[in-house]
Amino acid sequence: MNPFYLIVLAIVVGFILIMSLVARYKRCPSDKILVVYGNTGGSSAKCIHGGGAFIWPVIQDYAYLSLIPISIEANLTNALSRQNIRVDVPCRFTVGISTESDSMNNAAERLLGLTSDQIQELARDILFGQLRLVIATMSIEEINSDRDKFLENISKNVEAELKKIGLKLINVNVTDIKDESGYIMALGKEAAAKAINEAKVSVAEQDKIGEIGQAEAVRDTRIRTSQANATAVQGENTAKIDIANSDAARREKEAEALKIAVTAEKVQQANALQEAYLAEQKAEEARASRERATQQANIIVQEEIEKQRRIIEAQAEAEKTRENAKGEADAIFAKMDAEARGLYEILTKQAEGYDRMVKAAGGDAQSAYQLLLIEKLPELVKTQVEAIKNIKIDKITVWDGNNSKDGTTSTANFLSGLMKSVPPLNDLFNQAGMNLPEYLKGKDLPAAPEAADDAI
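Everything in this summary refers to the structure shown in the same document. (Residues numbered from 1 in each chain as written. Predicted model: local features only at pLDDT ≥ 70, side-chain atom pairs only at ≥ 80, totals over all residues. Heavy atoms only, no water.)

Looking at a nonpolar patch on the surface
For step 1, the next point in the chain: A cluster of nonpolar side chains, namely F4, Y5, V8, V12, F15, I16 and M19, defines an oily patch on the protein surface of about 730 Å² accessible area.
For step 2, the next point in the chain: Checked against the element boundaries, F15 lands in helix α1 (residues 3-23).
For step 3, the next point in the chain: Under the relative-accessibility criterion, F15 is labelled exposed at 54%. (Patch = residues over 30% accessible without salt bridge, like charges linked within 9 Å, V, L, I, M, F, W, Y side chains within 5 Å. Areas by Shrake-Rupley, 256 points an atom, 1.4 Å probe, with all protein chains shown as cover. Salt bridge = Lys/Arg side-chain N within 4 Å of Asp/Glu carboxyl O. Helix = DSSP H or I, 4+ residues; strand = E, 2+ residues; numbered from the N terminus. Buried < 20%, exposed > 50% of the residue type's maximum accessible area, 1.4 Å probe, protein only.)

And the structure:
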């Protein structure tokens, strides 16, 4: 074989061997314990906290134990105290694997390969047993009042037992202690009452001290106040004398100053009145000028405005009259024009109707006229009847002596005369060239009754 290949093969084998040896060196984290077991030189296991160790292949192996603390809730109930009183002691313990060399070996022997829950359950059994033992050796008063001693006893008993399996007690917390008989509550009430009474006594003592001190302070105050008042009165009297002397001198000076001030004031008042009178005179003259100007402005301007207003109103009234006259004239013209047009239309239509009627009568205008009169005959008769229809006659009395020459009675004459008051219809027909029937002329009338003695 080529020597070069042998050298390369040796190098590769050596590199693989070195890497394998390096991989067997295990480092221990700070939160764990490295446990080397197998052929460890006579002991069951070798525990390392911090640093590292070389793990020989085939003859050795390794594992880790976690140093993370474990919280265990141990709510102990119905535990007997030294007085045979059952109490409930809820506690919470915090434990962890110890880093002491003896404890680490115990943990490697008893806890290696267990889960956290299994370790917690094992520790809880130990804690319950030792907690009951500690409570059995203490009275209720010691448990309730001396908590430090209670916790110290728990720590001593529990640590010794936990150390056997490689654990260490980190912390213990007792939340509350209760008993079935209410003894602890009674102790609390007794302590509270005692504290309240002591406080009341202390308050009374302090009140007494305060009242004594207050009385002494009042006494000292009155003594010092009297002394100060006496000194003050003496000083006030001396001050009043000085004040009286000073007032006399002040009044003398004030009288002289007042005399000078009054004289000067009178002179100044006279001068002020003179100047005021002059100012008032000028003000009155100015006011009179202003009033004259105001009156002139008010009257003249007002008259001018009134004049212009009247002119404008007259012009407006004239314009209104012209417009009204024009409107009335236009209305009259329109009315007359409409009436003329209407009359023209009526006459035109009547003329056309008469022309057609004459043509219908064969060109004889007289016959056409008689035909029109015949058409109007009912209206003429109606007119004659209407002439006497509305005559109101309440009562008619006729005295008939039958003295007429032609033999007619007065009643008949009265009726004949009444009918003669109507326009003669026969004359009207005669003027039109027509003759009434004989029975309408009155010739066929029956004879009148000879006498009518009764009143109608």
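So that's the structure; there's more coming.
A word on unusual backbone geometry
For step 1, the next point in the chain: Even without glycine at this site, V58 takes up a positive phi of about 75 degrees.
For step 2, the next point in the chain: Tracing the backbone shows V58 in the loop between β4 (52-54) and β5 (60-66).
For step 3, the next point in the chain: Assessed through its relative accessible area of 85%, V58 is described here as exposed.

As for the pattern of salt bridges
For step 1, the next point in the chain: Summed over the entire model, instances satisfying the criterion amount to 16 salt bridges.
For step 2, the next point in the chain: With its nearest N and O atoms 3.7 Å apart, the salt bridge here joins R290 to E291.
For step 3, the next point in the chain: Between E306 and R309 there is a salt bridge, with its nearest N and O atoms 1.9 Å apart. You can see E306 and its partner R309 sitting in helix α6 (residues 183-360), three residues apart, about one turn around the helix.
For step 4, the next point in the chain: A single salt-bridge network, built from bridges that share partners, covers E306, R309, R310 and E313.

Focus on the side chain of Q130
For step 1, the next point in the chain: Tracing the sequence through the fold places Q130 in helix α3 (residues 116-136).
For step 2, the next point in the chain: The class of Q130 is buried, set by a relative accessible area of 14%.
For step 3, the next point in the chain: In this structure, Q130 is in contact with N157, V158 and E161, ignoring residues within four places of it in sequence. (Contact = heavy atoms within 4.5 Å.)

Points about helix α2 (residues 101-110)
Each α-helix winds once per 3.6 residues, and so residues spaced three or four apart point in a common direction.
For step 1, the next point in the chain: Restricting attention to buried positions, one finds in α2 the residues S103, M104, A107 and A108. The buried residues of α2 all sit within an arc of 140 degrees when viewed along its axis, so they share a single face.
For step 2, the next point in the chain: Buried residues belonging to α2 abut β2 (32-38), β3 (45-48), β5, β7 (86-97) and α5 (147-163). (Arc of directions from axis to C-beta.)

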